[in-house]
Amino acid sequence: MAAPKTANGIVGRYGKLWTRVPANLKKLKSKDLRKATGVYALYNGTMPVYVGRGSFSQQINRHDRNHKKRSFWEHFSWYEIKIKGLDREIESLLLRILPFYVRSLNRMGGNFVSGEKIAAASDNPIKDHWPKGGAGKKRHRKK
């Protein structure tokens, strides 16, 4: 059984992995979604290539009109953030979590409005001993 929905969450409405087709882009421009703000991601298949924030209706349609980047994505997800101003923090968090090659169309990383960076106690790497791969030595039977 699914957990009950509460008013305490940060995500309002959302759309996950919508295909970039005119009908879906038009639905984003509908009266009830036109002014919604939050974070969104553009995907090449199921791999995110861009993370952004703001009025996702305007931003996703702007990315659709960009002829240079248009060929790099064909799906998008959007998440309405109920708490105003929190979308910047969430975008920064996603940009810092995802490796740069996954979000290849983003030029910049995110900066947190708040927060304090704590330095690690040690930067010494752990010595990893990887097991030897392969089938191993072949032994032939004597006849």
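Conventions used here
Think of each chain on its own: its residues are numbered from 1, step by step along the sequence as written. In keeping with the model being predicted, local features are shown solely for residues with a pLDDT of at least 70 and side-chain atom pairs are shown and tallied solely at 80 or more, while totals for entire chains, interfaces and linings include all residues. Working from all heavy atoms in the structure, the side-chain values ignore hydrogens and water. The way it works is that DSSP assigns letters per residue, a run of H or I at least four long becomes a helix, a run of E at least two long becomes a strand, and they are numbered from the N terminus. By definition, residues are in contact when any of their heavy atoms lie within 4.5 Å. Only the protein chains shown count as covering a residue, and every accessible area follows the Shrake-Rupley method with a 1.4 Å probe. Relative accessibility decides the category of a residue: with a 1.4 Å probe and only protein chains considered, values under 20% of the type maximum give buried, values over 50% give exposed, and everything between is partly exposed. Strand pairing is defined by DSSP finding a minimum of two bridges between the two strands. Here an axis means a line fitted to C-alpha atoms, over the contact stretch when the element is a helix, while the angle between two N-to-C directions is reported on a 0 to 180 degree scale. Here a pair means two rings of Phe, Tyr or Trp (six-membered ring of Trp) with centres within 6.5 Å. Their orientation is stacked below 30 degrees between planes, edge-to-face above 60, and tilted elsewhere. Placement of a charge over a ring requires the Lys NZ or Arg CZ to be within 6 Å of the ring centre, with the centre-to-atom vector within 35 degrees of the ring normal. Polar contacts here mean pairs of N or O atoms no more than 3.5 Å apart (in protein, one a potential hydrogen donor and the other a potential acceptor; neighbouring residues in sequence count only if both atoms are side-chain atoms). Within this document, salt bridges are pairs made up of a side-chain nitrogen of Lys or Arg and a carboxyl oxygen of Asp or Glu, the two lying within 4 Å of each other.

**Quick word on the overall build of the chain**
- Secondary structure summary: the chain contains 3 helices and 4 strands in total.
- Summarising the internal contacts of the chain: among those between residues at least 6 apart in sequence, 65% fall at separations of at least 24.
- Working note: accessible area of the chain is about 11600 Å², and carbon and sulfur atoms make up 56% of it.

**Observations concerning the pairing of strand S2 (residues 38-44)**
- Taken across its 7 residues, S2 has 6 buried, putting it largely inside the fold.
- Pairing of S2 with strand S3 (residues 47-54), which is carried by 7 bridges, proceeds in the antiparallel orientation. Counted as the bridge partner of Tyr40 is Gly52 from S3.
- Hairpin connection between S2 and S3: a loop of 2 residues separates the two successive antiparallel strands, and Gly45 in this loop has a positive phi of roughly 70°.
- Direction of pairing for S2 relative to strand S4 (residues 75-81): antiparallel, over a ladder of 6 bridges. Looking across to S4, one finds that Gly38 is bridged to Glu80.

**Some points on the sheet that holds S2**
- Strand order in the open sheet formed by 4 strands is S1-S4-S2-S3, and the pairing between neighbours is antiparallel. Among the strands making up the open sheet, the edge pair consists of strand S1 (11-19) and S3. Between one strand axis and the next, the sheet turns by 15° as a mean value, whatever way the strands run.
- Where helix H2 (residues 56-65) meets the sheet, it contacts S2, S3 and S4, and its direction lies at approximately 25° from that of S2.
- Strands in contact with helix H3 (residues 86-97) are S2, S3 and S4; relative to S3, the strand with the most contacts, it is inclined by about 160°.

**Quick word on unusual backbone geometry**
- For Leu17, which is not glycine, the phi dihedral falls at a positive 50°.
- Of note, Leu17 is situated in strand S1.
- Judged by its relative accessible area of 33%, Leu17 falls in the partly exposed class.

**Considering the packing of aromatic side chains**
- Within this structure, the stated rule accounts for 6 aromatic pairs.
- Look at Trp18 and Phe76: their rings are 5.8 Å apart centre to centre, the planes differ by 65°, and that puts the pair in the edge-to-face class. Note that Trp18 is positioned in strand S1 and Phe76 in strand S4, a separation of 58 residues in sequence.
- Feature note: the residues Trp18, Phe56, Trp73, Phe76 and Trp78 constitute an aromatic cluster, connected by ring pairs.
- The ring of Trp73 has Arg20 lying over it, and the distance from NZ or CZ to the ring centre is 4.7 Å.

**Focus on the side chain of Ser77**
- Positionally, Ser77 belongs in strand S4.
- You can call Ser77 buried: its relative accessible area is 0%.
- A polar contact of 2.8 Å, which involves the side chain of Ser77, links it to the backbone nitrogen of Leu17.
- Aside from chain neighbours lying at most four places away, what touches Ser77 is Gly15, Lys16, Leu17, Val39, Tyr40, Ala41 and Tyr43.

**Overview of the pattern of salt bridges**
- Using the criterion set out here, one finds 5 salt bridges in the structure.
- Of the charged contacts in the structure, one is a salt bridge between Arg13 and Asp32, with a shortest N-O distance of 3.9 Å. Within this pair, whereas Arg13 is found in strand S1, its partner Asp32 is found in the loop between helix H1 (22-28) and S2, the two being separated by 19 residues in sequence.
- One salt bridge connects Arg70 with Asp64, and the closest N-O pair in it is separated by 3.8 Å.
- Arg70 gets classed as partly exposed once you look at its relative accessible area, which sits at 33%.
- Linked through salt bridges whose partners overlap, the residues forming this network are Arg13, Asp32 and Glu80.

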